[in-house]
Each structure stands twice: as structure tokens, then as C-alpha cells.
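Coordinate analysis (summary)
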Amino acid sequence: MLGCLAQLQPHRIRMWYYCWERLLTVCKQNFERRMSDAGEYQFLRTRHIKFLRRCLQVLPHSAVTFDTSRMTVLFFALSGLDLLDGLDEVDDTERRDIINWIYSLQILPGDDKDQMANAGFRGGTSLAGCRGTSDYTSNISFDCGHITMTYTALASLIILGDDLTRVNRKAVLAHVAALQCQDGSFYSTRGGSENDMRFMYCAATICFILQDFSAININTAVQYIVNSMSYEGAMGQGIYLEAHGGSSYCAVATLHLMGKLDLALSDMQKQRLMRWLVGRQIGGGLQGRPNKPPDTCYTFWIGASLKLLGGLNYLDLEALRQFVLSTQDPITGGLAKYPDSHPDGLHTYLGISGLSLLNRDNLRPVDPALNISQRALKHLHTLHKSTTENSKSSNYL
């Protein structure tokens, strides 16, 4: 086809593209019309499985900006397939290859304190020195772990059924401890970054997965969260910043994972927070903050916050479901940020995990705090139990 196009005159090429785009538009309209015949959208499970499967194999050129954060793309694809009960699409050989790839991005430091602080997982193979090896020791100062990539790496390993025995726990926890600021918040990397609620959440998930919160000063972290609650009743990314659905989720989930949710927030504060979260539903969907359009990803961020606070049923759940389904691409599969826009891995996964919270469309249940399936969480609990039993046995020796 490309060879034929090369022989066409420019005006004929423009005409060919116009006809092709028109054909896709008509096909999409016909699909949407068929989906809406019963008065509501239908969940396109098979197409979403194929979309996420493609995300594991190849991405378009427009996704080149995600090269340094491939680990998050991997997590979205794997966890999405898990919730769709589609992990069987990934055979044992591919699972083993993915697990080895994840471990190849783990930074294995020496005993030096600064090297330990640079540990954790990279987001991708952008640095040529770390490609294709699982025992690479970095000597490059700016080659350091990223706290979000470390969280999604560990979560992906759990989803794939790994036992985490190859994780350098001491180094990962030293990495987390080195990123906490005096005010309780966290940086994302030793290389320099913002410090806010997002990275505090990642720190909490890492410590929960490894069952060791010694890397976090919990008192200052909790105080940072409480101080970040704005006059609106919800949390911003930091103190004196605008309330936001994403940062409110990070705050609530962090407190839950630390076992501090009921202690840190009074009943009045939780009621005000739920009121603000419920007020984000407009036109069926959920917005991240006032005066913004509804966005698929907040189905999870705000839905999970309300789930943890016990207020999910205050939303119009069916209207929310219909909004999410309206963002489906009926041809390629996947979900988009808004209706009539292009799907991507992030919004596909967060839309699916949001629908799982609603207990709709026969999806596997998702854990609202760790943002992985209950099936994967059960595997993690098994690992925790095994680690505890081994620790007790060693104490008796």
C-alpha cells in the first residue's frame, strides 16, 4: 500500500487520506449507533484486551515521550489485562521475559550510602549501559531509581506472580528513605524533581508491598497530608495548593496504607472531603477539580477515594459508567480521556479500574488503595505470610 502511495500525485494522496479518514468516521458512527440502540453503551471487553495486548508489543511513534517511563506503560497494560481476566493472553515464556526485563532495570548498588540512595528501579532502558542485564551496577551519578517506576515495577511483578526474591529490599527502602523531605513529602528521584503527594503515595505503596515502613517518617508524612487539606475540604499536591482529585486520592490511599486514615482525619474532615469528591460528578463523568470537563481517569482517582471513605454509592454510578463507556474507541479498543478523542494506555487502565470499583461489566475487583486486582493482592498477602513465617523460623534457630 505504501508503495502505491509513493507513486500518487500529492493531490491524489490528500484525496486518499480524506477518503480513508471519512471511512473510519462512518465506521465509528455505525458502531456507536449499534452500541446505543438499547439506549446505553456496551462494554467492549474483547477490543480492550486486544488494545492492551498491543500496548505490550508496540506503541505508535507519538508515544516516544514515554520512553523513560516504559515501566508505567507496562503496569497499565498488565493490570488492565488482569482486571479484564485477559492475562492468559500473555504466555509463560513472555511472562518470564517481562519479569527478567523488569529486574534488568533494578539498580543494584554497592554498600556506599549514596549508592544505596540511588537504588530502586529505572523507568526504561534509555541509558545504554543498563540494557539486557540484570546484574548491572551503575556508576553514573544521574542513573538513579525513580519512586513511581519502583512502585509500578513491584506491582507488575506481583501481577505476574513473581515472588520478589530478586528485589534488593534494603536498597529499595534506602532509596525511599533518601527521598523524603523535611516537611514529610517526597521527591521522585535523587536526580531532582518536584516534591508532592504523588510521590508520597508511591513511597507508601512500596513500603506496604515490602511490609516495612521504617523508610518513612510516618508522623511528618501524616502532618503533610493534613496540612495539604485546602479550605475546600480536599487535598492539594501540597500546602496552600488547590484541591485536586488526584492528590486527594494519593492522600487518602497513603493514610489507608499506613493505617492512619481514621486517626489522621476527623469525622467532620472526612465528611467535607466526601462532599467535595461527590461534587466532582458533572454530566455523568467525574472532573479532577471545579470548572474542568469530566475525564475518564478520575473514575478511578475519585471513585477509589470515595470507596476508601465509604461514600462511593453517593455517586450516580450508572451515569458514571455510561460516561466511561462513551470514551471507548469501537474500532481499536481502548478508552480515551474524553469522548471522541484518541485512546491511550493510562486512560484505558484507569477507566477499566474505575468500572471495576463500580462492580460492573464482570471485571475482576480492584483494590482501591494499591490499584491492583484483588487476585494480585491475594498473591501479595501470600508472600507476606511466607516472609513472616520464615522470619519466625529463623528466630527459633
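Small disclaimer: the values here were computed from a predicted structure and weren't measured.

1. Here's the deal with the packing of aromatic side chains
Counted by the stated rule, this structure contains nine aromatic pairs. Ring geometry for F75 and Y151: centres 5.9 Å apart, planes at 55 degrees, overall tilted. Taken as a pair, F75 in helix 4 (residues 70-83) and Y151 in helix 7 (residues 147-159) lie far apart in primary sequence, 76 residues in all. Look at Y151 and you get buried, because its relative accessible area is 6%.

2. Digging into unusual backbone geometry
It is generally the case that most residues other than glycine have a negative phi and that most peptide bonds are trans. Positive phi, close to 60 degrees, is recorded for N359, a residue that is not glycine. Structurally, N359 is set in the loop between helix 16 (345-357) and helix 17 (374-396). Here N359 falls in the exposed class, since its relative accessible area comes to 69%. Not every positive phi belongs to a glycine, and N371 is a case in point at roughly 60 degrees. Tracing the backbone shows N371 in the loop between helix 16 and helix 17. Residue class for N371 comes out buried when judged on its relative accessible area of 4%.

The rules behind these values
- Residues numbered from 1 in each chain as written.
- Predicted model: local features only at pLDDT ≥ 70, side-chain atom pairs only at ≥ 80, totals over all residues.
- Heavy atoms only, no water.
- Phe/Tyr/Trp six-rings, centres within 6.5 Å; stacked < 30°, edge-to-face > 60°.
- Helix = DSSP H or I, 4+ residues; strand = E, 2+ residues; numbered from the N terminus.
- Buried < 20%, exposed > 50% of the residue type's maximum accessible area, 1.4 Å probe, protein only.

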